[in-house]
Amino acid sequence: MPEEFNLSQMERETEEMLKIRYLTKHNTVFKRTEGGFVSLSVGEESYLRIQVMRMFPFMEKDRFLSVRSVGDKSKEIGIIEDLEDMEKETIKLLREQLNLRYFTPVITKIRSVKEEYGFAYWDVITDHGECRFTIQMGGNAVVHLTEERILLSDIDENRFEIPDVGRLTPAERRKLDLFL
Amino acid sequence: MKQLKIPEGIKAILMREEITESQILYKAETDMDPEGSYRDGLVILTEQMLFFFQETKRAERVHYFKGYGSTREMYANWERDWTVSQYKVLDIENMFIEPQVACSTLTIRYRGIDYCIAAFSNFCKHQVHRLIMTWEGRPFEVEEEIYCPTCGRMYPDSATRLCPRCTNRKTAFLRATKYFKPYRLKLVLMLICILAGAGLNLVWPYLTGMVLYDRILAKNQDFLIRLGIAHGDFVTALFLAVVTMLAVKITLLLLQIIQGVFTAQMVTGVVRNMEKDIFRVMGKLSISFYKNRQTGGLMTRVMSDADRVTGFYFDCAPYILINGFIILASVTVMVRINWQMTIVTLLLFPALFAISWYLRPRIWVLFGKRHRAERSVNSTVNDNLTGARVIKSFGQERLEAERYKEPNKGLLNAEIAISRQQNAFHLIYGGAQEIASFAVWGLGVYFLMSGKNMNLGTLITFTGYVGQLRGPMGFFARVYNQWADSMNSAKRMFEIMDAIPEVKEAPDALRLEKPKGDISLQNVTFGYTENKTVLKDITLKIPAGSMLGIVGRSGAGKTTIVNLISRLYDPVEGQITIDGIDIKKICFHDLRKNVAMVSQETYIFMGTVADNIAYGKPEAGRMEIFRAAKLAGAHEFIMGMPDAYDTRIGASGRELSGGERQRISIARAILANPKILILDEATASVDTETERLIQKSINYLVKGRTTISIAHRLSTLRDADYLVVIEQGKITEQGTRDELFKLHGTYYKLLELQTKALTIEHLPCSEG
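Below is a short write-up of the structure. If you're wondering where the values come from, they're calculated on a predicted model, not measured in any experiment.

Thoughts on the overall build of chain B
Then comes step 1: When its secondary structure is counted, chain B shows 23 helices and 20 strands.
Then comes step 2: The 768 residues of chain B split such that 30% are buried.
Then comes step 3: Within chain B, contacts between residues at least 6 apart in sequence are counted, and of these 71% link residues at least 24 apart.

Overview of the sheet that holds strand S14 (residues 595–599) of chain B
Residue and element names in this part refer to chain B.
Then comes step 1: Strand order in the open sheet formed by six strands is S14-S17-S18-S11-S19-S20, with mixed pairing between adjacent strands. Each edge of the sheet is formed by a strand with only one pairing partner; in this case those strands are S14 and strand S20 (730–735). Strand after strand, the sheet turns through a mean of 20° between neighbouring axes, direction not considered.
Then comes step 2: Bridge count for strand S17 (residues 676–680) against strand S18 (residues 706–710) is five bridges, and the pairing is parallel. Note that in S18 the partner of Asp 680 across the bridge is Ile 710.
Then comes step 3: Strands strand S11 (547–551), S14, S17, S18 and strand S19 (722–727) of the sheet are contacted by helix H15 (residues 558–565), whose axis makes an angle of about 150° with S18.
Then comes step 4: Here helix H20 (residues 658–672) sits on the sheet and contacts S14 and S17; the angle it forms with S14, its principal contact strand, is near 165°.

Brief notes about the interface of chain B and chain A
Interfaces are often sized by the accessible area lost when the parts come together.
Then comes step 1: Counting residues at the interface gives 54 residues for chain B, matched by 53 residues for chain A.
Then comes step 2: Among the secondary structure elements, those contributing two or more residues to the side of chain B that touches chain A are strand S2 (37–46), strand S4 (63–64), strand S8 (113–121), helix H2 (122–136), helix H10 (349–386), helix H18 (622–631), helix H19 (635–639) and helix H21 (688–702) of chain B.
Then comes step 3: If you tally residues by element for the side of chain B that touches chain A, the top one is S8(B), at six residues.
Then comes step 4: Counted by class, the side of chain B that touches chain A contains 25 nonpolar, 14 polar and 15 charged residues.

Remarks on helix H9 (residues 339–346) of chain B
Residue and element names in this part refer to chain B.
Then comes step 1: Along H9, the residues that are buried comprise Met 341, Thr 342, Val 344 and Thr 345. Here the buried residues of H9 occupy an arc of 160° about the axis, which is enough to place them on one side. Of the residues in H9, the exposed ones pointing more than 90 degrees away from the buried face are Trp 339 and Ile 343.

A closer look at the nonpolar core
Residues and elements named next belong to chain B.
Then comes step 1: Counting 147 residues, the largest nonpolar core has Val 43, Ile 613 and Ala 667 as the members making the most contacts within it.
Then comes step 2: Counting residues per element, this core draws most heavily on H20, at seven residues.
Then comes step 3: Not counting residues within four places of it along the chain, the set of residues in contact with Ala 667 comprises Ile 613, Ala 628, Ala 629, Ala 632 and Ala 634.
Then comes step 4: Membership of the second largest hydrophobic core comes to 14 residues, among which are Met 334, Tyr 429, Ala 436 and Met 454.

Observations concerning the pairing of strand S7 (residues 119–126) of chain A
Residue and element names in this part refer to chain A.
Then comes step 1: Here eight bridges tie strand S6 (residues 107–116) to S7, and the two strands are oriented antiparallel to one another. The residue bridging Ser 112 from the neighbouring strand is Asp 123, located in S7.
Then comes step 2: Direction of pairing for S7 relative to strand S8 (residues 129–136): antiparallel, over a ladder of eight bridges. Residue pairing across strands places Ala 120 opposite Ile 135, the latter belonging to S8.

Points about unusual backbone geometry
Comment: phi is negative for the bulk of residues other than glycine, and the bulk of peptide bonds are trans.
Residues and elements named next belong to chain B.
Then comes step 1: The backbone of Arg 111 sits at a positive phi, close to 50°, despite the residue not being glycine.
Then comes step 2: One can find Arg 111 in the loop between strand S7 (103–110) and S8.
Then comes step 3: We note that Ala 644 has phi near 45°; this positive angle belongs to a residue other than glycine.
Then comes step 4: Structurally, Ala 644 can be placed in the loop between H19 and strand S16 (648–649).
Then comes step 5: Residue Ala 644 is classed as buried on the basis of its C-beta count, with 24 C-beta atoms lying within 10 Å.

Quick notes on the packing of H9(B) against helix H12 (residues 397–449) of chain B
All names here are of chain B.
Then comes step 1: Running from N to C, H9 and H12 point in directions that differ by 160°, and their axes come no closer than 8 Å. Considered as vectors, H9 and H12 are oriented roughly antiparallel to each other. Between H9 and H12 lies a crossing of right-handed hand. From H9, Gln 340, Met 341, Val 344 and Thr 345 reach across to H12, where they touch Ala 436, Ala 439, Val 440, Leu 443 and Gly 444.
Then comes step 2: A breakdown of the residues in the contact of H9 with H12 according to their chemical character gives six nonpolar, three polar and no charged.

Some details on the packing of H20(B) against H21(B)
Residues and elements named next belong to chain B.
Then comes step 1: Running from N to C, H20 and H21 cross one another at 5°; their axes reach a closest spacing of 11 Å. Regarding the angle of H20 to H21, the classification is roughly parallel. Together, Gly 659, Gln 662, Arg 663, Ile 666, Ala 669 and Ile 670 of H20 and Thr 690, Ile 694, Ser 697, Ile 698 and Leu 701 of H21 make up the contact between the two elements.
Then comes step 2: Its residues placed into classes, the contact of H20 with H21 shows six nonpolar, four polar and one charged.

Criteria and cut-off values
- Residues numbered from 1 in each chain as written.
- Chains lettered and ligands numbered in written order.
- Predicted model: local features only at pLDDT ≥ 70, side-chain atom pairs only at ≥ 80, totals over all residues.
- Helix = DSSP H or I, 4+ residues; strand = E, 2+ residues; numbered from the N terminus.
- Buried ≥ 20, exposed ≤ 12 C-beta atoms within 10 Å, placed from the backbone.
- Contact = placed C-beta atoms within 7 Å.
- Pairing = 2+ DSSP bridges.
- Axes fitted to C-alpha atoms, helices over the stretch in contact; angles between N-to-C directions.
- Nonpolar A, V, L, I, M, F, W, Y, C, P; charged D, E, K, R; others polar.
- Arc of directions from axis to C-beta.
- Core = buried A, V, L, I, M, F, W, Y, C linked by C-beta atoms within 7 Å.
- Parallel < 35°, antiparallel > 145°, perpendicular 65-115°, else oblique.
- Left-handed = near helix turned anticlockwise from the far one by under 90°.

Any link to function would need more than the numbers given here.
Okay, here's the thing in structure tokens:
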């Protein structure tokens, strides 16, 4: 009966879901693929393409990474507790992937913020150059990750970050006053 | 719309490949590279080839995103060196966008291998999506109108198609006036009343000053002649003056009453129509409009904005007119009486208005701030009230109070800032007025003594007018008066504060640090209200480490039992003990630390997923949180969210499904690691597959704990060591599963019913 079959398969999947596997430099080999992605072999298993995600994207940049297979049935292959403990090549490779995945220009200077009719127009300088973007007022466009740290999402949900409000000049803080 | 022209450099490369512009099916701009930096690129699709051009060296340019001003600059100077990669369209097996957290990549499967072609911000996503649709041969509408036809700017929000620049405040003001149209006649009448009232107000100082003092008291004969009264009969003149004064006052009162009636009639009508319109429009808007906005914000829009708009029209607009008129007329009269004194009166006002004008934006910001602070306080309270049961059972009242403190402080600060600003306003205005009126008196007395065209009555009339200026000038200084409102809310809040908690901690409460987990109920009787008993004489013993299942129909009192064990209520009669100690004597902190509940009612508060999981153990490390989530089967869906454990959920964040919420509360219980675990219909609201998953986690969870499980589905209670059946507040059956089965009682009936239902569910023909 197919029902039964599915049941045992489901049980197996559940068991698997509850298990934790740690990936270390001793049990893994990460490689760059021809198409610009990353492959992984761990023990007996090998994956043509993997993706790496942060479990705590705002709080932990290099620790608690989840390495996952790619596709519709993406599942966790294992976790990396600390990227620093991996091989140098692996660190470079995975960090590149993380930089793209969590791409968020950091605002270093606020030139102007104008609020008009429910939208705020920002003119800022970031670590990736000068940016001008628009956010919607009244929604969740401005999120305080901590007291000092602000994450902005523009109307296309592109992200920008102010890592420390305290480090802005008083004039810049005044421009931000509406959001603090 | 404005679009990128193909740069000459790219044209030249295409030319070498013998491709002309007319062969291009679609082109999409990209603005990033796979290393995670901005870098311009262009994807070009033709019948035969897919090209990707990327600038060889990063150009220094301003990055414009949607909604921002002039797009002309954006397309200026695209003449750069390009690096090209190309792919045969015939060999492309698949082409798709892979979304990252805040950007995306374009991937193709080319001769069996995945290639990451290009990376781009969300700004370019639309174009790339179109490119893929072109490749798939799927049609799409030529170009959505995302640009304002008037000024050529992008609409910041294409769902509303509203250009913020072209719909300015003036038109909004005029548009609001349309709601007053049906009341045109009343409006005109009201305006007449207002003007008449203001005119009469102007007559008043003239009557009390110049007529009374300079004509009648000074025995001015010409005045009598003009009125046609007999020579010397000043008593009649006085009588006439008094009657006139009385008539003026009464007329003023009548005018006010008429005005009030008209206002009341119009306000209700206008507000109703506005709300109706807003509601209708909101119903029509697409779901994307709602996705980007908070429910709270929308509610404010419906509930109070209409009120506020009309409030402005009735409480402010007429008075701007009246007060403006009063000021203008008073000043005219004053100039005619004595222009030097008028100048002295008005000397300070231009400066005052300049100050107000300068401070205006500041006040605006302050009010916006307060509005937001209010909103966040409201959501916190809302959060808290809906989750009261869970808050209590995890013993986090103090943490909740802390959580309330933050937004509350924000609100307090906002209020203080506003008050400070308004006080400064009042002080400056009051001071200026006092100075002006002293100066007027001084100058007047000087004129009077030196006999220069000044009588006592004239002086009194003049100062009367100065006094009349006070109100209107003050009006212009303060616009927002929140006194009554705040007193009202304060009163409501005190009502709650003055209430006394029913369940109190004993003054000499005992610690219960490492309990075994023996629970016993002795003759427990309880009712939520005095005249209705829910539980009658319940006696139960649950040995440490075992699992008790409670079965019964809804409303039988199952949940009440666990509410009593976690001491959300105290029994009316009887005693509940843990390890032989009456729970009334155990301190709240220890009791709640050792008793955790997973119920069908899940409480998710505003905060990150990690915060929510660590609710019962705020000091938990990240590894612990991850492990708990993993064991609760929550890790997978959490990793499915872009911000994973840092995702903001709750009132203002992402919505979670019932099963997801349930798994978070299980993770919470795993992390809290209580000795006594209560499962109150923990899997009732989820589907069978999720239930199985949750059941697995629960099986892990119950190991080594005393567990009380309440369930409708008897299958959930498979692992229970002991079962009780509760009917109408009484235990009617108890024993192991086999014992109950043999009894052929309620348990047997329920089991039979559910087995039957299950069979029906699985009959293939039942679907047809």
